[in-house]
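Here are the chains, one letter per residue:
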Amino acid sequence: MNPSKSPAEILDIAGNEVRISNPDKVVFPEPGLTKLDLVNYYLAVADGALRGAGGRPMVLKRFPKGIDAEPFFQKRVPENHPDFIDTATLHYSSGTSAEEAVIRDAAGLAWVVNLGCLDLNPHPVRAEDLDHPDELRVDLDPMPGVDWSRIVDTAYVAQEVLDDVGLVGWPKTSGSRGLHILVRITPQWSYRDVRLAAETLAREVENRAPGLATAKWWKEERGESVFVDFNQNAKDRTVASAYSVRSRPDARVSTPLTWDEVRSARPEQFTVRTVPARFSDVGDPHAGIDEAPGSLDALLALAAELGPAEKAPRAGDGSGRRVSMMPLVEVARTKTKPEAEEALDAWKERHADVVSLLRPADVLVDGMRGSSSLWYRVRVNLQHIPEERRPAQEVLIADYDPWAGKEWPASGG
């Protein structure tokens, strides 16, 4: 039997009433944090959290079953949202649209936490101008086997490139394994231009630090390097914003840093328990971010100088599908990460004679965005196994279809 729910608590936040249901529900068992603890955390860092997410339409990433279960992504704002929640209608590449939530104050932060949101996932646009991003986002994503020092080295190379093109980067921990660098820009470029500028930045970082950083989009081609993820600037993508709580067992927080801190900081230092005191003592290192918008002109000029990025060859069967240059086998497609890990273990048992030849970056377990939730794809890159010993492609150990039952909008015409 489930334990009885604790009575709801009504908070008065600057004149707005916010109902917190089941406030004593334990969300993070390891540090013993409840839903009300998370609300109070966001209220303590509200100025910083709103600097990152306020005034922007956001996808609601909800964890109704706790941090150990997969979240679901809710684009549409709940119909019964309170008056202090604004909305904006976004049009997606798929042809769909959604009226999304826009929070503007501390009461809005408490409201989204009550819905089961941990991290905040805003779009890089303001609600007043949905077509022109005012933020370029750099996500430094380490491949397996890459340690923190190499992520830091890549961050400083990125800072050097940004400085050379007249832009200011604002670093923060991702709250997971990597670092984010945020760049405020004047809202005058399209999503396409912003993504091109981000890709150019990534390519230039790779040019200056080959072997350390990579701009290769296809995961199997990256090796043990830090991926400078430029595709986070695509129109439909969102990133956990500053002061977001991540679904790690220690309740880790995506925390803004000064550049002087990047070398010595460690992601595990910054949690729901520690960040409010830091915020009170030193303030928000990103306090000046809105006063430092820059131009993409230099990056776009560099894009023209570098020319188009190399594209992978396409299949000759008319499908238009990309052909990988790496010897890949697909192992499974699953609904949850534990199922993906079980499938990978089963594959390893089946091919125990070659598992020792794999390197960390050869094992690819990718969280893929479905219609409203993540699903997982498991692949293995056989590049380090002698050709005569490479396992063949087999029937998938699990074959979950994330699109089953999904109805797509009819095309015009």
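Quick note: structure is the one above.
Predicted, not measured: the structure shown is a model, and the values here were computed from it.

Calculation notes
- Residues numbered from 1 in each chain as written.
- Predicted model: local features only at pLDDT ≥ 70, side-chain atom pairs only at ≥ 80, totals over all residues.
- Heavy atoms only, no water.
- Axes fitted to C-alpha atoms, helices over the stretch in contact; angles between N-to-C directions.
- Helix = DSSP H or I, 4+ residues; strand = E, 2+ residues; numbered from the N terminus.
- Parallel < 35°, antiparallel > 145°, perpendicular 65-115°, else oblique.
- Left-handed = near helix turned anticlockwise from the far one by under 90°.
- Contact = heavy atoms within 4.5 Å.
- Nonpolar A, V, L, I, M, F, W, Y, C, P; charged D, E, K, R; others polar.
- Polar contact = N/O pair within 3.5 Å; in protein donor to acceptor, adjacent residues only side chain to side chain.
- Pairing = 2+ DSSP bridges.
- Phe/Tyr/Trp six-rings, centres within 6.5 Å; stacked < 30°, edge-to-face > 60°.
- Buried < 20%, exposed > 50% of the residue type's maximum accessible area, 1.4 Å probe, protein only.
- Lys NZ or Arg CZ within 6 Å of the ring centre and 35° of its normal.
- Patch = residues over 30% accessible without salt bridge, like charges linked within 9 Å, V, L, I, M, F, W, Y side chains within 5 Å.
- Areas by Shrake-Rupley, 256 points an atom, 1.4 Å probe, with all protein chains shown as cover.
- Salt bridge = Lys/Arg side-chain N within 4 Å of Asp/Glu carboxyl O.
- Lys, Arg positive; Asp, Glu negative; His and termini not counted.
- Charge placed at Lys NZ, Arg CZ, Asp CG, Glu CD.

Visitor: Can you tell me about the packing of helix α1 (residues 35-44) against helix α3 (residues 106-114), naming the residues and giving the values?
Guide: Remark: α1 packs on α3, axes separated minimally by 9 Å, with the N-to-C direction vectors making an angle of 155°. Judged by the inter-axis angle, α1 sits roughly antiparallel to α3. Crossing of α1 over α3 shows right-handed handedness. Contact with α1, carried on its side by Lys35, Leu38, Val39, Tyr42 and Leu43, involves Ala106, Leu109, Ala110, Val113 and Asn114 of α3 and no other residues of that element. Per-class residue counts for the contact of α1 with α3 are eight nonpolar, one polar and one charged.

Visitor: So what about the side chain of Gln232? Which residues, and what values?
Guide: Secondary-structure assignment places Gln232 in the loop between β14 (226-229) and α6 (259-262). At 3.2 Å, the side chain of Gln232 forms a polar contact with the side chain of Asp229.

Visitor: How would you sum up the sheet that holds strand β17 (residues 374-381)? Please name residues and give values.
Guide: Spatial strand order, β16-β17-β15-β18: four strands in an open sheet with mixed pairing. The open sheet has two free edges, formed respectively by β16 (363-369) and β18 (398-399), since each of these has just one partner strand. In the sheet, strand β15 (residues 328-334) pairs with β18 via two bridges, with the strands oriented parallel. In the strand pairing of β18, Ala332 is matched with Ala398.

Visitor: Describe in detail the packing of aromatic side chains, supporting the description with residues and values.
Guide: This structure, assessed with the given rule, holds six aromatic pairs. Pairing Tyr41 with Tyr42 gives two aromatic rings, centres 5.0 Å apart and planes at 70°, and the pair type is edge-to-face. Across the pair, exposure class does not vary: Tyr41 and Tyr42 are buried alike. For the pair Tyr243 and Phe279, a centre-to-centre distance of 5.4 Å together with 90° between the ring planes defines the contact as edge-to-face. With Tyr243 in the loop between β14 and α6 and Phe279 in helix α7 (residues 275-282), the pair connects residues that are 36 residues apart, well separated along the chain. The burial state of Tyr243 is the same as that of Phe279; both residues are buried. Put simply, the rings of Trp217, Phe227 and Phe230 pair up and form one aromatic cluster. Here the guanidinium or amino end of Lys75 rests over the ring plane of Tyr92, the centre of that ring lying 3.8 Å away. The cationic tip of Arg222 hangs over the ring face of Phe227; the distance from NZ or CZ to the ring centre is 3.6 Å.

Visitor: Account for helix α2 (residues 46-53), naming residues and giving values.
Guide: Within α2, six of the eight residues are buried, leaving the element largely enclosed by the surrounding structure. Considered for burial, the residues of α2 that qualify are Ala46, Gly48, Ala49, Leu50, Gly52 and Ala53. Each element contacted by the buried residues of α2 is listed here: α1, β5 (57-62), α3, β9 (121-122) and α7. Gly55 occupies a position one or two residues after α2 and carries a positive phi of about 80°.

Visitor: Account for the sheet that holds strand β12 (residues 179-184), naming residues and giving values.
Guide: One open sheet holds the five strands; their spatial order is β11-β12-β10-β14-β13, and the pairing between them is mixed. For this open sheet the edge positions go to β11 (170-173) and β13 (213-214), each flanked by a neighbour on one side alone. Looking at chain direction, β13 and β14 are connected through two bridges and run parallel. Across the sheet, residue Thr214 finds its bridge partner in β14, namely Phe227.

Visitor: Tell me about the pairing of strand β1 (residues 9-13), and name the residues and values.
Guide: As paired strands, β1 and strand β2 (residues 16-20) are joined by five bridges and run antiparallel to one another. Across the sheet, residue Leu11 finds its bridge partner in β2, namely Val18.

Visitor: Explain a negative patch on the surface residue by residue, including any values.
Guide: A contiguous patch of negative charge on the surface is contributed by Glu339, Glu341, Glu342, Asp345 and Glu349. Within the secondary structure, Glu341 sits in helix α9 (residues 337-350).

Visitor: Give me the packing of helix α4 (residues 148-164) against helix α5 (residues 191-208): which residues, what numbers.
Guide: Packed helices, taken two at a time, are described by their axes: the angle between them and the distance between them. Interhelical geometry of α4 versus α5 gives an angle of 120° and a closest axis separation of 9 Å. Overall, the two elements α4 and α5 adopt an arrangement that is oblique. As α4 packs across α5, the resulting crossing turns out to be right-handed. Listed contacts from α5 to Thr154, Val157, Ala158, Glu160, Val161, Leu162 and Asp164 of α4 are Leu201, Glu204, Val205 and Arg208. In the contact of α4 with α5, the residues fall into six nonpolar, one polar and four charged.

Visitor: Describe in detail the pairing of β5, supporting the description with residues and values.
Guide: β5 sits mainly inside the fold: six of its six residues count as buried. Burial of β5 is two-sided: the residues Pro57, Val59 and Lys61 facing one way and the residues Met58, Leu60 and Arg62 facing the other way are all buried. Pairing of β5 with strand β8 (residues 97-102), which is carried by two bridges, proceeds in the antiparallel orientation. Bridged to Pro57 within β8 is Val102. Taken together, the three bridges between β5 and strand β6 (residues 72-74) define a ladder with antiparallel strand orientation. The partner of Leu60 across the bridge, within β6, is Gln74.

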